[in-house]
Every structure is written in C-alpha cells, then in structure tokens.
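The residues making up each chain are set out below.
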Amino acid sequence: MNTAVKVGSHGEYTLRDMGAGLVQGHDAFLSPVLAKVPEIAYYTKHENGIPRLTAAEHYTGLLNYRMIKPDDGESLKSMTVELQNISDQPVTYYVDWDFLDEKLEGKGVSLSLSTDEVTVPANSHVELSVTLMVEDGAQYGIYEGYITFTTEQYPDLNVPFIVYLGHDFDKKGIDIVSITPQYFNTEIEQIVIRYKLHNDVKLLWLFIYDRSQDEVIGIIDYFTDSSKGEKTYSWNKYYYDFDTEQLELISDGVYSLYMVAVDHANLEYHDWIDFYVYSQPPQVRIKQAENDNISIVENFVNGEVMSLFSKLGIADTTIDVFYKILKEEKVYHSGRLSVDHAGYFELRDVFPEGISKLELELRDIAGNSATQTFSVELSKVYLLENIHEQQSIAIGNTITLVFPPYFVKGSENDTFEIKFSTKKYNNRDFKPNYTSYGPVYSFSLYKNGELLKQPFDKPVRLIINTNHLDLNKLEEQMISAYFVEQTPIHVGGRAKEGRFEVELDRFGEIILMTYDPGFIDVGRFPWAEDSIRVLASQRIINGVSSTRFAPENDITRAQFVTILVNVLDLEKKENGASIVFSDVVNDPHSKWYGKNLDIAVSHGIVTGVGQNRFNPHQSISRSEMATMLARALRVFGYESKDIDLSQYKDAGEIPWWAEEGFKLTVDLGIITGTNRGLEPRATGNRAQAVVMLKRLYDLIYYPKDE
C-alpha cells in the first residue's frame, strides 16, 4: 500500500532513501484510493529439517524493475499498479509519469501506460499496466521517477519506479564458474559446483531447472549470510522435489543449475549453467545390418549412434567410436569413426573380401560405454544372365551398370561374371592438379572364368550416385571419370543432380576426379575463370603451355571449330555434307583439327570462306563465331527468332550473313556483348570464346527449364 511518506516540499530524498510508495504526508489520510504494486516473493521454510521454497503474493508501493542490460537489445518489462477505492463514490484520475531528475530524459528509457485516464469504481479496484521500455544501447545508470494520479477531488497519488541499467550487474552478483563433471551418469558419487559471490549475500538458493519441462522442479540447498569470494559446493545428486515433497535422486535428463542470490540491499542476482545426466550406454544401429549380420556388395556401411547426445545434436563432441575389423581373428583394419553432430557415421573401403568381423567400442562423455560386434560379408561377384538382352546390375546404392545387347561376343552357353571391388585412392598416385571424389572402383569381366581384356563391342553405361559426395555446382561440372593407370586416363562423363553417368568401352580401375591445370594467367579474367576451369577439367580445351592459357590471345578458326565439336561431343553425320578444303589438305598441321573440322562440315556448322578455302589459322571474328554457334544450336533443334538487336549501338555493322547467328545466340544468352556492343567486326579472344562455348555447354547439358 502507500507505505512511505514524502517529507518536505523539495524532494530532498531519493526513492532509495524513502522506500516504496508515497503520498503527500499531510494529505495521506484524505485520499480514499490506495495505490499498491503486487509482487511474488519467495522464501524458504523448513519442514522436518528439509528446506522448501514457498511463493507468496504481497504488495509494495514501488515499481521495482530491478536490473536490465541495455546491450541485450531493446527490452520491454511490464508491471501492474492496482488502485483500490474504499469509498462509496467512483474516482477518476488522469495518469502521467516523470523522472525524478529531468537530466534522465532522452537517454533511452521511458514508460508506456495502458491508459492516461482511469476511473476506480466505488468499493472496487482497477489495474493499470506500466511497461518499461529500454532502447538498445540506452545509457547506463539508475533511473527513478513517479507515476502521478491526479484528480480534482482528492490529493495526488505518486507511485515511484526505479530501474538499474548496466552491463556489470551480474558480475557484482554471482557467477557459476563450473559444474564438474558437466555430463555424468547416476553412478557418479559427487558433483562439484564452483561459484563466485561478488558481494556478501543474505540468501542464496541452488535450484534444479528441468529444460524438458521448462520449469524449476526442486531445490538442492540454500544458504544464509554468505560472504563474497569463490566457493565450492559438493552435491550428492539428491534434491528436494517440489511435486513429491521428498528427496529425489536426479534422473536422466537435461537440466540447468539455477542460482539465486539476494544481497543486503535486497538486490537479486541470477546465474545458471547447463548439465546433462544420462545413464544409458550408447548403441549403434547399422543400416545394412539384419540383427548382427551385415551383408554388403560394396565396401561401405553407414549407421547412427543412438544416444541422448545424438538427439541433442552434440554427438560429435561427446561420443567416441573406435572400430576394429578382424579377419580370421587378426586385426585387418582399425581406427576411429568420425561421428557427426546427430550421431551419423560412414565406414568406407576398409572391409576385406569374404567374411570378417566388425567390432565397435563406444564411449560417451557421461561415463557410459558399450561394445557391439557384427559379422560382415562382402559379396562382389555378379552374374550376367543373357548378353543378348539389355541388362542392369545394381551394386549397392551407389553403382549401376547398364549392358546393351551384344556388348561382347558370346553365346547362350557362355558364362559371364562381373567382379567388383573398391579401394582407397592414394593422393600420391597423381599430380596435385587432380582432386579425387570417393574410392577407386574396380570392374573386371570374366567369360567362362577367363578375364576379358579386349574393348567392348558396344559401350557399357556406368551410373554412380554422387549425393554422398556433396558436390557444389562448379565441382559437379568439372568432375569426370578416369582410368587409374600410371597416369590418369580421362574417360569423360557428366554429373547432374546427384547422378554421374559415363560410357565405358572397357573395364578397369575407375575414379571420379576433377582436374585443374592451375593456369597462372586466368586470374586477370575473373569473368572467364570458372568457364576455363570447367572446360579444361573436361579436357575440352587446353592451354598454350602447362601453366598458361593465354586468355587475351586471338583464337583461330581451327581452334574454335575444334573446341565447338568437343563441347557438343559430336560424331560425323552419316550422309552429311563433305567439303575438301584446299588449304586444309595442304596444311602439314591439320592433324590436330582435321577430324573435328570434318565432323562440323558434316553437320553444316562450317561451310568455308569461299573458293574452297577454310582459312584455319586466321583469327576468327565475332560474326563468324555467332554464325557457327547458331548452326550448332540448330543441330540440337533451336531455331532463330526475329529479335530486335537495335539496343546494341553497333548492330548496323553486322554482315547480312551473320544476322541470324547473332539473333539466335543473343536470344539464348550465348552472346551478351561487351561495353562496346556486339563488336561484329572484331576478332574474338580465347577468353571470350570459352565463355560463349561454356554457355552453349550449359544450355545443352544443364538447361535451366529442367
């Protein structure tokens, strides 16, 4: 209620001097309305020697918002003022507030009242909500003032408020330094709690907060009149449970130790620390296992560790898993498994052929441990039933082989077997320009028990699931299949949406890799760098040396046609066009480009420059590039559109024979122009050509509308 009296007329005393709630002393008994602030107080009483925390509602005359850290962001905290009318007449008040010191205004602290006018009915009461608003970064200090209730009938009521703003209140109160161990099972005997009191306190409570129930469930202990300094408390895992009203042993769960202290100035301090109680040994569930038996057809198992720590997403820092693979009771392989935050793991390329034993030893940070043993059978021989029909063989969840009819010669009486194995790739096998993804896959074909070494009559399609590789977009476009021999032999293939496919003309050891030649001169052309890396990794383009690409150099007509045919992976068209260029026949250097030129001619991509000439070593113009690109696009079904090129200032310089080429390539985004326009008369450099060809590559193999 209105328990304090304001003495004097000049406000010589602060709120802390006067206490809570006040009216003018000489008018106090003239007001029939009482102003009071409800609060919940906690106190400890003993029953049979056991401390029990009890809550009780009481009233004060002070809106005490206690302590707030303005650095925690904008803060809102609401309290209630209750007005009680003990007269037979209603009373209406106008409500306002002000600081005790006007210098406190504009520093980021204010009050918001639920109303500026309130009527208190006769012999009744009303409640007024008062919200303290603290802006982010408000100035530190003590803010105090009054809420004033004014009426013409009676003297004013003044309810004081106070709030402490600062960043170091917690430091002045308490700090829980540690709880050791922080993770434990119920078999441990003692838990050591270290804390620090920054002030002398008259009351100190240690509560148990259950995070799953989101409530305080009991009290460990309480103290009175503790002096400041560092303290140590030894806890035997028992606490007084508020529900059962008995001493209980802490059970498995996730908790917080919640400490509350009250100093001799009645300021309250709080701190907490999380701890985990878990007594169940971790267990492993392996995806490929049936009971304790694992049957696999590729050198790979995966699974998860089932534990509270896996559910909490902290398994990677709280659980250790060690594995041992035994073959004929001898250790074949051993090591430590890498477990992710959710408890998932993979074990690749470590099992021997036939039957072996997998032994897993698990330990968690709470002191629990377990050992599990599995029998592992690695089966790797696959039978081809009929080579006269198309067949598919799935090897686990990763590998699929598709065999066309008559891919090798044989009869119905012949037996064909595929032998498959994997092994780890040794990074020292190849130069650092290569980056491997996954293991080496080894395939062998046997006919009637004898190894077939000759190439296939028809290519066999190899499909590899790449989802587990987590390829980014650039890696997906750079990755290729290679035969693992003394030097890597590029096979090709293409990855898309978690699936890599390649056509094989023979079997052997195959690995997925990217190749980065590491050209030292492409950094000056950042807009072309990724395009150069992708086409170089796919072996579609080469540098002018092992270290230089020369992106600024002009590109010749022979070079452009060669790369264009490589990008599209074209074969010579049957019954297609055929032109014998005199300057190609007589060119002693035509060997490297002649085949691709013939392919381009057969598809109508190249027609020559007239007079039965091709001009292979002449720098190609941008108009010629646009024309060849457009003709190549038509091979894949794209048709020209009559679009307006007038947005380019040099559109009038386009030769008549290149107009359709520019329209189609500009429409499809293959050519975008430079800051000078389309530059139809200019020659194209190697960087520009690669970017255009990479856009063509993306359009054909990675269309956006799919």
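As the structure is a prediction and not an experimental result, all values here were calculated from the model.

Draft legend 1. A look at the sheet that holds strand β24 (residues 289-290). In spatial order, the strands read β24-β25-β31-β30-β27-β28; together these six strands make up an open sheet with mixed pairing. The open sheet is flanked by β24 and β28 (330-336), the only strands paired with a single partner. Where strand β27 (residues 319-327) meets β28, six bridges bridge the pair, whose relative direction is antiparallel. Bridge pairing links Leu326 to Val331 in β28.

Draft legend 2. Inspection of the side chain of Asp271 at higher detail. Locating Asp271 in the fold gives a position in strand β22 (residues 268-277). On the basis of relative accessible area, Asp271 is assigned to the buried category, the value being 17%. A polar contact is formed between the side chain of Asp271 and the backbone nitrogen of Ile176, at a distance of 2.7 Å. Among all residues touching Asp271, those that are not within four sequence positions of it are Ile174, Asp175, Ile176, Leu257, Tyr258 and Met259.

Draft legend 3. Region of interest: unusual backbone geometry. In the segment running from Thr180 into Pro181, the intervening peptide bond is cis, with an omega of -10°. Residue placement: Pro181 occurs in the loop between β13 (174-180) and β14 (183-184). At Tyr406, a residue that is not glycine, the phi angle is positive and equals roughly 55°. Looking at the element boundaries, Tyr406 is found in the loop between β34 (399-403) and β35 (416-423).

Draft legend 4. Seen up close, the environment of Glu389. Counting through the fold element by element, Glu389 comes out in the loop between β32 (381-384) and β33 (391-395). Distance from Glu389 to Pro404, taken between C-alpha atoms, is 6.8 Å for residues 15 residues apart in sequence. Beyond its immediate stretch of four places on either side in the chain, Glu389 contacts Phe403 and Pro405.

Draft legend 5. Structural view of the environment of Phe300. Note on placement: Phe300 falls in strand β26 (residues 300-306). Relative accessible area serves as the criterion here: at 11%, Phe300 is assigned to the buried category. Taking C-alpha positions, Phe300 is 53 Å from His617, a pair spaced 317 residues apart along the chain. Setting aside residues up to four positions removed in sequence, Phe300 forms contacts with Gln288, Glu346, Leu347 and Arg348.

Draft legend 6. Structural view of the packing of helix α10 (residues 622-635) against helix α12 (residues 686-701). In contact at an axis separation of 12 Å, α10 and α12 are set at 15° when each is read in the N-to-C sense. Relative to α12, the element α10 lies roughly parallel. Seen along the crossing, α10 lies across α12 with a hand that is right-handed. Facing Arg622, Met625, Leu629 and Leu633 of α10, the residues of α12 in contact are Gln688, Ala689, Met692, Leu693, Leu696 and Leu699. Tallied by class, the residues present in the contact of α10 with α12 amount to eight nonpolar, one polar and one charged.

Draft legend 7. Structural detail: a nonpolar patch on the surface. A cluster of nonpolar residues, Tyr238, Leu247 and Leu249, forms a patch on the protein surface that exposes about 280 Å² of accessible area. What makes Tyr238 partly exposed here is its relative accessible area of 40%.

Draft legend 8. Quick look at the nonpolar core. Grouped together as the largest cluster of nonpolar side chains are 62 residues, with contacts concentrated most on Phe560, Leu564, Val606 and Leu696. At the level of secondary structure, the elements contributing two or more residues to this core comprise α6 (526-537), α7 (557-568), α9 (591-602), α10, α11 (659-667) and α12. For this core, the element with the most residues is α12, which contributes eleven residues. Setting aside residues up to four positions removed in sequence, Phe560 forms contacts with Ile555, Ile620, Met625, Met628, Leu629, Ala689 and Leu693.

Draft legend 9. The pattern of salt bridges, seen in detail. Enumeration over the complete set of coordinates arrives at 22 salt bridges. Between Glu329 and Lys357 there is a salt bridge whose closest N-O contact spans 3.9 Å. With a gap of 28 residues between them, Glu329 in the loop between β27 and β28 and Lys357 in strand β30 (residues 354-364) connect regions that are remote in the sequence. Residue class for Glu329 comes out exposed when judged on its relative accessible area of 63%. We classify Lys357 as partly exposed; its relative accessible area is 31%. A salt bridge links Lys447 to Asp414; its shortest N-O distance comes to 3.8 Å. Separated by 33 residues along the polypeptide, Lys447 in strand β36 (residues 434-447) and Asp414 in the loop between β34 and β35 bring together distant segments of the chain. Here Lys447 falls in the partly exposed class, since its relative accessible area comes to 24%. Put simply, Arg461, Arg499 and Glu501 are held in one network by salt bridges that share partners.

Draft legend 10. Highlighting the sheet that holds β26. Strands sit in the order β23-β26-β29 across an open sheet of three strands; the sheet is antiparallel. Strands at the two margins of the open sheet, each flanked by one partner only, are β23 (283-286) and β29 (344-348). When the angles between neighbouring strand axes are averaged without regard to direction, this sheet yields 30°.

About the cut-offs
- Residues numbered from 1 in each chain as written.
- Predicted model: local features only at pLDDT ≥ 70, side-chain atom pairs only at ≥ 80, totals over all residues.
- Heavy atoms only, no water.
- Pairing = 2+ DSSP bridges.
- Helix = DSSP H or I, 4+ residues; strand = E, 2+ residues; numbered from the N terminus.
- Buried < 20%, exposed > 50% of the residue type's maximum accessible area, 1.4 Å probe, protein only.
- Polar contact = N/O pair within 3.5 Å; in protein donor to acceptor, adjacent residues only side chain to side chain.
- Contact = heavy atoms within 4.5 Å.
- Axes fitted to C-alpha atoms, helices over the stretch in contact; angles between N-to-C directions.
- Parallel < 35°, antiparallel > 145°, perpendicular 65-115°, else oblique.
- Left-handed = near helix turned anticlockwise from the far one by under 90°.
- Nonpolar A, V, L, I, M, F, W, Y, C, P; charged D, E, K, R; others polar.
- Patch = residues over 30% accessible without salt bridge, like charges linked within 9 Å, V, L, I, M, F, W, Y side chains within 5 Å.
- Areas by Shrake-Rupley, 256 points an atom, 1.4 Å probe, with all protein chains shown as cover.
- Salt bridge = Lys/Arg side-chain N within 4 Å of Asp/Glu carboxyl O.
- Core = buried A, V, L, I, M, F, W, Y, C linked by side-chain atoms within 4.5 Å.

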